[in-house]
Amino acid sequence: MTVDRSGKANGRHRLNRGGNRQGNAALYRAVIVRMRWHQPTIDYVTRRTAEGLSKREIIRCLKRYLAREIYLLLPEPAGDPNAGVEPMGKAA
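Fair warning: this is a prediction, and the values are worked out from it, not measured in the lab.

### Thoughts on the packing of aromatic side chains
Then, in step 1: Tallied over the entire structure, the rule returns zero aromatic pairs.
Then, in step 2: When the ring centre of W37 is taken as reference, the NZ or CZ atom of R36 above it lies at 4.4 Å.

In structure tokens:
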């Protein structure tokens, strides 16, 4: 279910009102550091600013991009947590 976030005429929707505040804060800090020191990010900010995006909108885009990068670095789950467990209702 989406929640309308278009108080202004921006046309955005919030997909989930919940979330991880610490994770979001960590993403924000990482993006701010990248905006200052990471040359590809600096170039991106310059290009998007020229396109007319606000700093807030640019940060939102960068956080999404960084979240995808981090997700790809996460390890695969160890395996099925229910492996070796027989389904209920079956008699041995």
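And the narrative resumes.
### Quick look at the pattern of salt bridges
Then, in step 1: If you walk through the whole model with that rule in mind, you get three salt bridges.
Then, in step 2: Across the pair E51 and R47 runs a salt bridge, and its minimum N-O distance is 3.5 Å.
Then, in step 3: Exposure remark for R47: the relative accessible area of 45% places this residue in the partly exposed category.
Then, in step 4: A salt bridge links E51 to R48, with the nearest nitrogen and oxygen atoms 3.1 Å apart.

### Remarks on helix α2 (residues 39-50)
Then, in step 1: Taking 1.5 Å of rise per residue, the 12 residues of α2 would be expected to cover 16 Å, and the 17 Å separating its terminal C-alpha atoms lies within 8% of that figure.
Then, in step 2: Listed as buried for α2 are T41, V45 and R48. End-on, the buried residues of α2 take up no more than an arc of 75°, which puts them together on one face. Opposite the packed face of α2, turned more than 90 degrees from it, sit the exposed residues P40, T46 and A50.
Then, in step 3: Among the structural elements, α1 (21-37) and α3 (55-73) are those in contact with the buried residues of α2.

### Structural notes on the layout of surface pockets
Then, in step 1: Estimates place the volume of the second largest pocket at around 160 Å³.
Then, in step 2: Considering the residues around the second largest pocket, the lining is formed by R34, H38, P40, T41, Y44, C61, L62, Y65, R68 and E69.
Then, in step 3: Only α2 and α3 provide two or more residues apiece to the lining of the second largest pocket.
Then, in step 4: Ranked by residues supplied to the lining of the second largest pocket, first place goes to α3 with five residues.
Then, in step 5: The residue makeup of the lining of the second largest pocket, split by class, is five nonpolar, two polar and three charged.

Definitions and cut-offs
Residues numbered from 1 in each chain as written. Predicted model: local features only at pLDDT ≥ 70, side-chain atom pairs only at ≥ 80, totals over all residues. Heavy atoms only, no water. Phe/Tyr/Trp six-rings, centres within 6.5 Å; stacked < 30°, edge-to-face > 60°. Lys NZ or Arg CZ within 6 Å of the ring centre and 35° of its normal. Salt bridge = Lys/Arg side-chain N within 4 Å of Asp/Glu carboxyl O. Buried < 20%, exposed > 50% of the residue type's maximum accessible area, 1.4 Å probe, protein only. Helix = DSSP H or I, 4+ residues; strand = E, 2+ residues; numbered from the N terminus. Expected span 1.5 Å × (residues − 1). Arc of directions from axis to C-beta. Contact = heavy atoms within 4.5 Å. 1 Å grid on protein atoms, 1.4 Å probe; cavity = no way out; pocket = protein on both sides within 12 Å on 5 of 7 lines; lining within 4 Å. Points joined across faces, edges and corners; volume = space filled by probe spheres on them. Nonpolar A, V, L, I, M, F, W, Y, C, P; charged D, E, K, R; others polar.

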